[in-house]
Amino acid sequence: MATVHLWQAGLDCDRSQLAHYAQRLSPDEQQRADRFVKPLHRDRFIAGRGILRGLLGQCLGIAPERLQFSYGAHGKPDLAYPANSGWQFNLAHSEDQSLIALTQGAAIGVDLEKIRPIPQLDQLTARFYAPDEHAQIMSAPIADRETLFFRYWTCKEAFLKATGEGLGKLQHLQLALGRSAQEEPVRIITLPESPPTAWQLRELPLTDGFVGAIAVAHGEIAISFNSFQSGEFLC
Amino acid sequence: MAITEIQIKETIFKLLKNIAPDSSPEALGQEDDVRETLGIDSYDFLNFMIGLNEEFGVEIPETDYGKLITLNDMTQYILAHAQS
């Protein structure tokens, strides 16, 4: 059984919180923050990285600013220092919300999305989703289609983030979702070419207006879920 | 008449403004990571790829998405494929 520690955290912080989180960032993260065109995006990046470092630091018993990350071909971050800790993590953000997931000894990916209008839903789904997924979305009541689209999207994205693969494999991952989130487990119909592994793919109970999912390369998982909103010091 | 780099960049800026209305793509440097710098998530990036396809008639296979990181990458990709 793999225990997954999962946090949903608001990213809009006051200036003192932001300064607290900014002190934890590495030079390359600070440079990355400085490259954002909009201060809002910069501040949310700083908050997300600061919170991630705080949570990882607590798990590893190490000061947040001492952690070092490396990045895979598609930008997936991993722990470079301390090496060989066994801890794996992933983070996602959408608008002012973030998801951070930590576990030991298993590849992990998370995603969340704010549900929003999709102008070319039929075209987009036909091109990037499997035929059965496309048919299910387009036959759902109109009011439910965008939510269903993003439920599939977050499940696929969580899986592709766990494997470190990019969007190129989107159509090769076929899933089957129930009528509403968490009503039935996500069924994996086909996987992209990747090492044969048992996968757990779960939809998550998030703040209204958002959907999210987690993928873990393990036969059995237990999720410890916490939610913190803006204005609270998470770590 | 062949499309120019300036026309490509203007169209890229227009598409980026469509998917991220509060961004300022004109401020992008040639070698800046477009997604990172403008705070664009993967879903919006997919829409951007579809927009490039529609505007330039260039079919961009999903396997090439990873090559389109910077403004320069995108401009050169469109130039190469729109003329071939």
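Read on for an overview of the structure. These numbers come from a predicted model, not from an experiment. (Residues numbered from 1 in each chain as written. Chains lettered and ligands numbered in written order. Predicted model: local features only at pLDDT ≥ 70, side-chain atom pairs only at ≥ 80, totals over all residues. Heavy atoms only, no water.)

## Looking at the overall build of chain A
Okay, step 1: The number of helices and strands found in chain A is six helices and eleven strands.
Okay, step 2: The C-alpha atoms of chain A give a radius of gyration of 18 Å, which matches the 18 Å a tight globule of 235 residues would have.
Okay, step 3: With the principal axes as the frame, chain A shows a C-alpha extent of 50 × 35 × 30 Å.
Okay, step 4: Within chain A, the fraction of its 235 residues that count as buried is 50%.
Okay, step 5: Relative to all contacts within chain A whose residues are 6 or more apart in sequence, the contacts with residues 24 or more apart total 58%.
Okay, step 6: Carbon together with sulfur atoms contributes 50% to the accessible area of chain A, which is approximately 10,500 Å² in total.
Okay, step 7: On chain A, the mean spot of the 22 positive side-chain charges and the mean spot of the 26 negative ones are 4 Å from each other. (Helix = DSSP H or I, 4+ residues; strand = E, 2+ residues; numbered from the N terminus. Rg over C-alpha atoms; globule rule 2.2 N^0.38 Å. Buried < 20%, exposed > 50% of the residue type's maximum accessible area, 1.4 Å probe, protein only. Contact = heavy atoms within 4.5 Å. Areas by Shrake-Rupley, 256 points an atom, 1.4 Å probe, with all protein chains shown as cover. Lys, Arg positive; Asp, Glu negative; His and termini not counted. Charge placed at Lys NZ, Arg CZ, Asp CG, Glu CD.)

## Comments concerning the pattern of salt bridges
Okay, step 1: The final tally for this structure, using the stated rule, is 16 salt bridges over all chains.
Okay, step 2: Here D44 of chain B makes a salt bridge to R116 of chain A, at a shortest N to O gap of 3.4 Å. Taken together, the residues D44 of chain B in helix α3 (residues 42–56) and R116 of chain A in the loop between β6 (108–114) and α4 (121–128) connect one chain to another.
Okay, step 3: With a relative accessible area of 15%, D44 of chain B lands in the buried category.
Okay, step 4: One salt bridge connects R127 of chain A with E62 of chain B, and the closest N-O pair in it is separated by 3.2 Å. With one member in each of two chains, R127 of chain A in helix α4 and E62 of chain B in the loop between α3 and α4 (71–83) form a pair that bridges those chains.
Okay, step 5: Looking at E62 of chain B, the relative accessible area reads 18%, which means it is buried.
Okay, step 6: Three or more residues are tied together by salt bridges with common partners; here these are E113 and R116 of chain A together with D41 and D44 of chain B. (Salt bridge = Lys/Arg side-chain N within 4 Å of Asp/Glu carboxyl O.)

## Digging into the packing of aromatic side chains
Two measures describe an aromatic ring pair: the distance that separates the ring centres and the angle between the ring planes.
Okay, step 1: Applying the stated rule across the entire model yields twelve aromatic pairs over all chains.
Okay, step 2: Seen in terms of ring centroids, F36 of chain A and F45 of chain A are 5.5 Å apart; in terms of plane orientation they differ by 45 degrees. Their pairing is tilted.
Okay, step 3: The exposure class assigned to F36 of chain A is buried, which follows from its relative accessible area of 12%.
Okay, step 4: Given a relative accessible area of 11%, F45 of chain A falls into the buried group.
Okay, step 5: A cation over a ring is seen here: K156 of chain A above Y129 of chain A, with NZ or CZ 4.8 Å from the ring centre.
Okay, step 6: One residue, R35 of chain B, lies across the ring of F45 of chain B, its end atom 5.3 Å from the ring centre. (Phe/Tyr/Trp six-rings, centres within 6.5 Å; stacked < 30°, edge-to-face > 60°. Lys NZ or Arg CZ within 6 Å of the ring centre and 35° of its normal.)

## Some details on the packing of helix α2 (residues 27–35) of chain A against helix α3 (residues 39–60) of chain A
Residue and element names in this part refer to chain A.
Okay, step 1: One way to put it is that α2 packs onto α3 with a least axis distance of 8 Å and a crossing angle of 155 degrees. When the interaxial angle is binned, α2 and α3 end up roughly antiparallel. As for the relative orientation of α2 and α3, their crossing is right-handed in sense. Of α3, the residues touching α2 (which contributes E29, R32 and A33) are R42, F45, I46, R49 and R53. (Axes fitted to C-alpha atoms, helices over the stretch in contact; angles between N-to-C directions. Parallel < 35°, antiparallel > 145°, perpendicular 65-115°, else oblique. Left-handed = near helix turned anticlockwise from the far one by under 90°.)

## Here we look at the interface of chain A and chain B
Okay, step 1: Contact with chain A, which involves 22 residues of that partner, is made by 24 residues of chain B.
Okay, step 2: Between chain A and chain B the total buried area reaches about 2,100 Å² when both faces are included, carbon and sulfur atoms providing 54% of it.
Okay, step 3: Of all residues in chain A, V37, R127 and L167 of chain A give up the largest surface area on contact with chain B, accounting jointly for 26% of the area buried on that side.
Okay, step 4: The interface formed by chain A and chain B holds six salt bridges in total.
Okay, step 5: A salt bridge links R35 of chain A to E36 of chain B; the shortest N-O distance between them is 3.6 Å.
Okay, step 6: Our count for the contact surface shared by chain A and chain B stands at eleven residue pairs in polar contact (both at pLDDT 80 or more). (Buried area = accessible area lost by both parts, 1.4 Å probe. Polar contact = N/O pair within 3.5 Å; in protein donor to acceptor, adjacent residues only side chain to side chain.)

## Things to note about the side chain of T11 of chain B
All names here are of chain B.
Okay, step 1: Here T11 is to be found in helix α1 (residues 5–19).
Okay, step 2: In this structure the side chain of T11 is engaged in a polar contact, spanning 2.9 Å, whose partner is the backbone oxygen of Q7.
Okay, step 3: Not counting residues within four places of it along the chain, the set of residues in contact with T11 comprises E55 and F56.

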